[in-house]
Amino acid sequence: MSKINLIAIGMVATALFAFVSRQQIESGQKHEEPQKGVKNIVLVHGAFADGSSWSKVIPLLEAKGFKVTAVQNPLTSLNDDVTAAKRIIALQDGPVLLVGHSWGGVVISEAGNDPKVAGLVYMAAFAPDTGESLNDVAKTATPAPGNEEVRADAAGFLSLTPRGIFEDFAQDLPMPERKLILATQGQWAAFTTGEKVGKAAWHDKPSWFIIGGNDRMINPGLQRTLAKKIGAKSLELNSSHVPMLSQPAKVAAFIANAASTVDTQGIASK
């Protein structure tokens, strides 16, 4: 074989080795780098509310390119509400950021164990631990004044009085909006407050927390304690119990940041 052919073969071999090595390095880098961000956001409302409580936040998140779905909780049991959330989660194409308001925090603490959930956002919410109920969490702090305006009907379902809605639940909204909340509030099965979470998802999933600094339904001090306990990145707003209605732009920005930065490596996509 001529010297020229040997040189040519050597050059080809060197180039091939370099190409394969580069591909292996790039492949290894892609494998090691965490995948960030989700496009799917699932919103879970609380007691005395329905999916319309997210009406101001949804268009703001959609404008940022997210796919947003609001769950309609039956409010008949923890299992029923968790099942409703998981049905919506199952419909999403890819990993999910799960957001829960108030009682919805209890729901996402359980539903968040779904393998498609990448992270949890609590908003003026309860965040019970494994084996804890809403009551267990609530009794660790002084009750907020709005609790005195809760009424039970003959069937054991709870609702808020007009005064409770106007002065404690949504006191920082215009009166027409407060009246709309009163008219659309969902009745909530009283026994659910004693139902315990089987496994608290926040132990395994990253969490965020929006604290309502002027909340008269869940003690703001309790919210701060819970946010610290679960290791959540938190934002405190000078808002009532419904910051998603009184300060939707700030709420949407906080949720969008969580959705854009959550690590999705190892999260189920289907």
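In this text, all values refer to a predicted model and were calculated from it rather than measured experimentally.

*Asks:* So what's going on with the packing of aromatic side chains? Which residues, and what values?
*Replies:* As enumerated under the stated definition, the model contains three aromatic pairs in all. Plain terms: the ring middles of Trp-103 and Trp-188 are 5.5 Å apart, the flat faces sit at 55° to each other, and that makes the pair tilted. Separated by 85 residues along the polypeptide, Trp-103 in the loop between strand E3 (96-101) and helix H4 (104-111) and Trp-188 in strand E7 (residues 188-189) bring together distant segments of the chain. In terms of burial, Trp-103 and Trp-188 fall into one category: buried. Consider the rings of Tyr-122 and Phe-209, whose centres lie 5.9 Å apart with planes at 15°: the pair is stacked. With Tyr-122 in strand E4 (residues 117-123) and Phe-209 in strand E8 (residues 207-212), this pair connects stretches of sequence that are 87 residues apart. On the basis of relative accessibility, which here comes to 0%, the residue Phe-209 falls in the buried class. Ring-pair connections join several aromatic residues into one group, and the members of that group are Phe-48, Trp-103 and Trp-188.

*Asks:* Mind laying out the pattern of salt bridges, listing which residues take part and the relevant values?
*Replies:* It is possible for side chains bearing opposite charge to pair when their charged atoms get close. Counting across every chain of the model gives 10 salt bridges. Across the pair Lys-39 and Asp-93 runs a salt bridge whose closest N-O atoms are separated by 3.6 Å. Highlighted residues: Lys-39 in the loop between helix H1 (3-32) and strand E1 (40-44) and Asp-93 in the loop between helix H3 (78-91) and E3, separated in sequence by 54 residues. Here Asp-136 ties to Lys-139 by a salt bridge, and the two come within 3.8 Å at their closest N and O atoms. Each of Asp-136, Lys-139 and Lys-196 takes part in a single network of salt bridges with overlapping partners.

Conventions we followed
- Residue numbers run consecutively from 1 along every chain, following the written order of its sequence.
- It should be noted that, the model being predicted, local features are given only for residues of pLDDT at least 70 and side-chain atom pairs only at 80 or more, the latter also being counted only at that level, while totals for whole chains, interfaces and linings use all residues.
- Side-chain measures were taken over the full set of non-hydrogen atoms in the model, leaving aside hydrogen atoms and water.
- Aromatic pairing here means that ring centres of Phe, Tyr or Trp (its six-membered ring) are within 6.5 Å. Orientation follows from the plane angle: under 30 degrees is stacked, over 60 is edge-to-face, and everything else is tilted.
- Each helix is a run of H or I in the DSSP string that is no shorter than four residues. Each strand is a run of E no shorter than two, and both are numbered from the N terminus.
- Accessibility here uses a 1.4 Å probe with only protein chains present; expressed as a share of the type maximum, an area under 20% marks a residue as buried, one over 50% as exposed, and anything in between as partly exposed.
- For this analysis, a salt bridge means a side-chain nitrogen from Lys or Arg found within 4 Å of a carboxyl oxygen belonging to Asp or Glu.

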